[in-house]
Amino acid sequence: AFSPLTLVIQAAEKSGTMITAQYALQYGRSIATLPASPVDQLCSGNLKLLYDGAYMIRGKEDLRALLGQYFNSNYFAEKGKKREAVQSKEARLQTK
């Protein structure tokens with residue numbers, strides 16, 4: 001399964017990155033990308049994604065705000081609890 005948010009840093013219009021972005025959209029995930037120069041063919045996919053409605057990341061503040069919507073502190077707390085439980089179980093198995 002994909003993350004709830006896919007961040008595209010650089011993507012040519014026909015690239016593996018754009019294939020990943022399309023799969024993310026098919027699974028109902030959000031896309032965010034960086035703005036790029038319209039003359040840079042290596043970033044033509046970024047501009048297409050922005051045109052199609054992707055979130056624009058202009059700087060670290062935008063990224064923090066967007067990540068905060070998807071990954072609140074409860075999300076990371078739950079992941080940490082699960083990781084600790086797995087590590088504890090592994091430690092018990094190693095001592096047997």
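Please read all numbers here as calculations on a predicted model, not as lab measurements. (Residues numbered from 1 in each chain as written. Predicted model: local features only at pLDDT ≥ 70, side-chain atom pairs only at ≥ 80, totals over all residues. Heavy atoms only, no water.)

**Student:** How should the overall build of the protein chain be read in this particular structure?
**Tutor:** Scanning the protein chain from terminus to terminus reveals four helices and three strands. For the protein chain, the residues scored as buried account for 25% of the 96 residues in total. When the accessible surface of the protein chain is totalled, it reaches about 7,100 Å², and 55% of it is carbon and sulfur. (Helix = DSSP H or I, 4+ residues; strand = E, 2+ residues; numbered from the N terminus. Buried < 20%, exposed > 50% of the residue type's maximum accessible area, 1.4 Å probe, protein only. Areas by Shrake-Rupley, 256 points an atom, 1.4 Å probe, with all protein chains shown as cover.)

**Student:** Please clarify how the confidence of the model for the protein chain should be interpreted in this entry.
**Tutor:** Reading predicted coordinates in detail is not appropriate for stretches of low pLDDT. Of the residues in the protein chain, 72% have a pLDDT of 70 or more, and the chain-wide mean is 81. Ranking the elements of the protein chain by mean pLDDT puts helix α4 (residues 73–95) last, at 57, and helix α2 (residues 44–51) first, at 94. (pLDDT = per-residue confidence, 0-100.)

**Student:** I would appreciate a short explanation of the pattern of salt bridges in the present structure.
**Tutor:** Proximity of charged atoms lets side chains of opposite charge pair with each other. This structure, assessed with the given rule, holds two salt bridges. Notably, a salt bridge pairs aspartate 52 with lysine 48, separated by 2.8 Å at the nearest N-O pair. Given the relative accessible area of 34%, lysine 48 is considered partly exposed. Taking the shortest distance from any N to any O, the salt bridge between arginine 58 and aspartate 62 comes out at 2.8 Å. The exposure class assigned to arginine 58 is exposed, which follows from its relative accessible area of 66%. (Salt bridge = Lys/Arg side-chain N within 4 Å of Asp/Glu carboxyl O.)

**Student:** What is the right way to look at α2 in this model?
**Tutor:** An α-helix turns once per 3.6 residues; consequently, residues spaced three or four apart project the same way. Of all the residues in α2, the buried ones are Ser44, Gly45, Asn46, Leu49 and Leu50. On its buried face, α2 is in contact with β1 (5–8), α1 (16–26), β2 (30–33) and β3 (55–56). (Contact = heavy atoms within 4.5 Å.)

**Student:** Just to check I follow, could you spell out the sheet that holds β3 for this structure?
**Tutor:** Sheet strands pair by backbone hydrogen bonding; their relative direction is either parallel or antiparallel. The parallel open sheet is built from three strands, whose spatial order is β1-β2-β3. Pairing within the sheet leaves two strands with one partner each, and these edge strands are β1 and β3. As paired strands, β2 and β3 are joined by two bridges and run parallel to one another. The residue bridging alanine 32 from the neighbouring strand is tyrosine 55, located in β3. Contacts from α2 reach β1, β2 and β3, with the element oriented near 130° to β2. (Pairing = 2+ DSSP bridges. Axes fitted to C-alpha atoms, helices over the stretch in contact; angles between N-to-C directions.)

**Student:** Explain the nonpolar core to me, please; I cannot follow it from the model alone.
**Tutor:** One recurring pattern in soluble globular proteins is that nonpolar side chains are buried together. Core analysis: the biggest nonpolar cluster contains eight residues, these being Val8, Ala11, Met18, Ala21, Ala24, Ile31, Leu49 and Ala54. For this core, the leading source of residues is α1, giving three residues. (Core = buried A, V, L, I, M, F, W, Y, C linked by side-chain atoms within 4.5 Å.)

**Student:** Just checking my understanding: could you explain a nonpolar patch on the surface for this structure?
**Tutor:** On the surface, Ile19, Tyr23 and Tyr27 cluster together into a nonpolar patch covering about 350 Å² of accessible area. With respect to the helices and strands, isoleucine 19 occurs in helix α1. (Patch = residues over 30% accessible without salt bridge, like charges linked within 9 Å, V, L, I, M, F, W, Y side chains within 5 Å.)

**Student:** I keep staring at the environment of tyrosine 70 and nothing clicks. Help me out?
**Tutor:** Within the fold, tyrosine 70 resides in helix α3 (residues 60–70). Judged by relative accessible area, which is 23%, tyrosine 70 ranks as partly exposed.

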